[in-house]
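Residues per chain are reported as follows:
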Amino acid sequence: MNEPEVLEQIPLPLETIRQGYNELGHHTHVVLRTQLGDSARLNAAKRECLRFIGIVEQHANVLSQNELLTIQTSIYEMLDALDVTLFICQQTLQTTTHLSSPTQLTRVDEEDRG
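Parameters and conventions
- Residues numbered from 1 in each chain as written.
- Predicted model: local features only at pLDDT ≥ 70, side-chain atom pairs only at ≥ 80, totals over all residues.
- Heavy atoms only, no water.
- Core = buried A, V, L, I, M, F, W, Y, C linked by side-chain atoms within 4.5 Å.
- Buried < 20%, exposed > 50% of the residue type's maximum accessible area, 1.4 Å probe, protein only.
- Helix = DSSP H or I, 4+ residues; strand = E, 2+ residues; numbered from the N terminus.
- Contact = heavy atoms within 4.5 Å.
- 1 Å grid on protein atoms, 1.4 Å probe; cavity = no way out; pocket = protein on both sides within 12 Å on 5 of 7 lines; lining within 4 Å.
- Points joined across faces, edges and corners; volume = space filled by probe spheres on them.
- Nonpolar A, V, L, I, M, F, W, Y, C, P; charged D, E, K, R; others polar.

1. Comments concerning the nonpolar core
In step 1: Judged by nonpolar contacts, the single largest core of 21 residues is most densely connected at Cys49, Phe52, Val56, Leu63, Ile71, Ile75 and Leu82.
In step 2: The element that contributes the greatest number of residues to this core is helix 3 (residues 65-100), accounting for eight residues.
In step 3: Dropping the residues within four chain positions of it, phenylalanine 52 is found in contact with Ile17, Gly20, Tyr21, Leu24, Ile71 and Ile75.

2. What about the layout of surface pockets?
In step 1: As a volume, the largest pocket reaches approximately 180 Å³.
In step 2: In this structure, the largest pocket is lined by Pro13, Thr16, Ile17, Gly20, Glu23, Leu24, Glu48, Arg51, Phe52, Ile55 and His59.
In step 3: If you list the elements that add at least two residues to the lining of the largest pocket, you get helix 1 (12-34) and helix 2 (39-58).
In step 4: Residue contributions to the lining of the largest pocket peak at six residues, all from helix 1.
In step 5: Taken together, the residues that form the lining of the largest pocket break down as five nonpolar, three polar and three charged.

Right under this line is the structure:
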């Protein structure tokens, strides 16, 4: 009789890592595009990246060297993008704070001009 076809099974942690990586990339992309000026959300996204890289390193044995390197490099690029965005937020906040602080204006009367 015909033997049932044996399907190659992918270990659950590998598929979970791949799915988590895709979701993290999408989430980070959305945060970078929509949360400009919201340092709390940007920092939360950074924490998620760092948490995920820890999970990946715990299960590195189920990944090929190439896949591990790709995931690590991509997550570090996400972290760099979040850091740059946070820096821009802080600079914008400082500039806005500086511009909105009261400044002393000097009135010049027409008598003083002539």
